[in-house]
Amino acid sequence: MKKIATLRAALFDMDGTLYDSMPNHARAWMRMCEEQGLEAAPEEFFLHEGATGAAIIDMLIRRTHGRPATDDEKRDLYAIKSRYFSELPAAGIMPGALELVEEMQHRGVITVLVTGSGQASLIERLQHDFPGAFPAERCVTAASVTRGKPHPEPFLKGLELAGVRADEAVAFDNAPLGTTSAVRAGIFTVGVVTGPMPREALEQTGADIVYNSMPDCTKHVFDLL
Ligand code: MG
């Protein structure tokens, strides 16, 4: 297990970590794919969770049409998917997530958002649901990076925004692409199982520890930090 020197920053994934939003994302992607005639299955949106919308659209277009997606398709199809997501009932805060973020704030740890999402509706809600935790200058989104998770760039950018080194931070993510990104960035990585992906999928990415739920994580993680 990696060692944290002094904990100064906590980096949080959003979908499936702070919000129970993955089922809605899968539903919105499927609706867009069905309407556009793109081949897809609901499970794969959990598997590719954390990748940017552009990367997912490129994969879908390559599969159905045998060519890369154009920039227009990446923009337009993501806009459609985002609209369908916004039309669904609002996703709840993941149980245990607010307590975890508040305890970090209480301890004076800098909190940073590291999401592959460009979903404005959810990013705006964060300001209301997690007061003071994720101001715009401490949010890494799809717009902030050129290479999304599993590349280390998003979490490296998160460290930069917090102004800390990798060994002064902890990362929380529920998806294999996310924990891979954090591990590659050299950060102490906490994987949390919150959906259909099995814990082995997170363990195999080299996550330092994996919890079976967010409440479990919130209850036990401070023993390690
Ligand atoms: Mg996630």
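Residues numbered from 1 in each chain as written. Predicted model: local features only at pLDDT ≥ 70, side-chain atom pairs only at ≥ 80, totals over all residues. Heavy atoms only, no water.

Some words on the domain arrangement of the protein
Then comes step 1: Along its sequence, the protein is carved into domain 1 (9-21 + 92-224) and domain 2 (22-87).
Then comes step 2: Measuring from the centre of the C-alpha atoms in domain 1 to the corresponding centre in domain 2 gives 23 Å.
Then comes step 3: Each partner contributes residues to the interface: domain 1 has 19 residues there, and domain 2 has 16 residues.
Then comes step 4: Of the roughly 1,300 Å² buried between domain 1 and domain 2 on both sides combined, carbon and sulfur atoms contribute 56%.
Then comes step 5: Looking at the side of domain 1 facing domain 2, the largest losses of area belong to Ser 21, Gln 119 and Leu 177, adding up to 37% of the total buried there.
Then comes step 6: For the pair domain 1 and domain 2, the number of links is zero salt bridges.
Then comes step 7: Here domain 1 and domain 2 share five residue pairs in polar contact (both at pLDDT 80 or more) between them.
Then comes step 8: Looking at the side of domain 1 that touches domain 2 residue by residue, the classes come out as six nonpolar, nine polar and four charged. (Domains from an automatic or database assignment. Contact = heavy atoms within 4.5 Å. Buried area = accessible area lost by both parts, 1.4 Å probe. Salt bridge = Lys/Arg side-chain N within 4 Å of Asp/Glu carboxyl O. Polar contact = N/O pair within 3.5 Å; in protein donor to acceptor, adjacent residues only side chain to side chain. Nonpolar A, V, L, I, M, F, W, Y, C, P; charged D, E, K, R; others polar.)

Structural notes on the sheet that holds strand S4 (residues 169-173)
Then comes step 1: Spatial strand order, S3-S2-S1-S4-S5-S6: six strands in an open sheet with parallel pairing. Looking at the sheet topology across the chains shown, the edges are occupied by strand S3 (139-140) and strand S6 (209-211).
Then comes step 2: Direction of pairing for strand S1 (residues 9-12) relative to S4: parallel, over a ladder of four bridges. Bridge pairing links Leu 11 to Ala 171 in S4.
Then comes step 3: Across the sheet, helix H7 (residues 153-162) touches S1, strand S2 (110-114), S3 and S4, and the angle it forms with S2 is around 150°. (Pairing = 2+ DSSP bridges. Helix = DSSP H or I, 4+ residues; strand = E, 2+ residues; numbered from the N terminus. Axes fitted to C-alpha atoms, helices over the stretch in contact; angles between N-to-C directions.)

Focus: unusual backbone geometry
Then comes step 1: A cis amide bond, omega 15°, links Lys 149 with the succeeding residue Pro 150.
Then comes step 2: Here Pro 150 lies in the loop between S3 and H7.

Side note on helix H1 (residues 22-36)
Then comes step 1: If you check H1, its first and last C-alpha atoms are 21 Å apart, about what 15 residues at 1.5 Å a residue would give, namely 21 Å.
Then comes step 2: Every buried residue of H1 is accounted for by Met 22, Asn 24, His 25, Ala 26, Ala 28, Trp 29, Met 30, Met 32 and Cys 33.
Then comes step 3: For H1, the elements touching its buried residues are helix H2 (42-47), helix H3 (53-65), helix H4 (71-87) and helix H6 (120-129).
Then comes step 4: Positive backbone phi, approximately 70°, marks Gly 37, located one or two places after H1. (Expected span 1.5 Å × (residues − 1). Buried < 20%, exposed > 50% of the residue type's maximum accessible area, 1.4 Å probe, protein only.)

Quick notes on the pattern of salt bridges
Opposite charge on two side chains lets them pair, provided their charged atoms get close.
Then comes step 1: The final tally for this structure, using the stated rule, is 17 salt bridges.
Then comes step 2: One salt bridge connects Asp 173 with Lys 149, and the closest N-O pair in it is separated by 2.9 Å. A residue pair is termed long-range when its members are at least 10 positions apart, and Asp 173 in strand S4 and Lys 149 in the loop between S3 and H7 qualify at 24 residues.
Then comes step 3: Among the residues examined, Asp 173 registers a relative accessible area of 1% and is labelled buried.
Then comes step 4: Here Lys 149 falls in the buried class, since its relative accessible area comes to 4%.
Then comes step 5: Shared partners join several salt bridges into a network, and the residues in it are Arg 8, Arg 165, Asp 167 and Glu 168.

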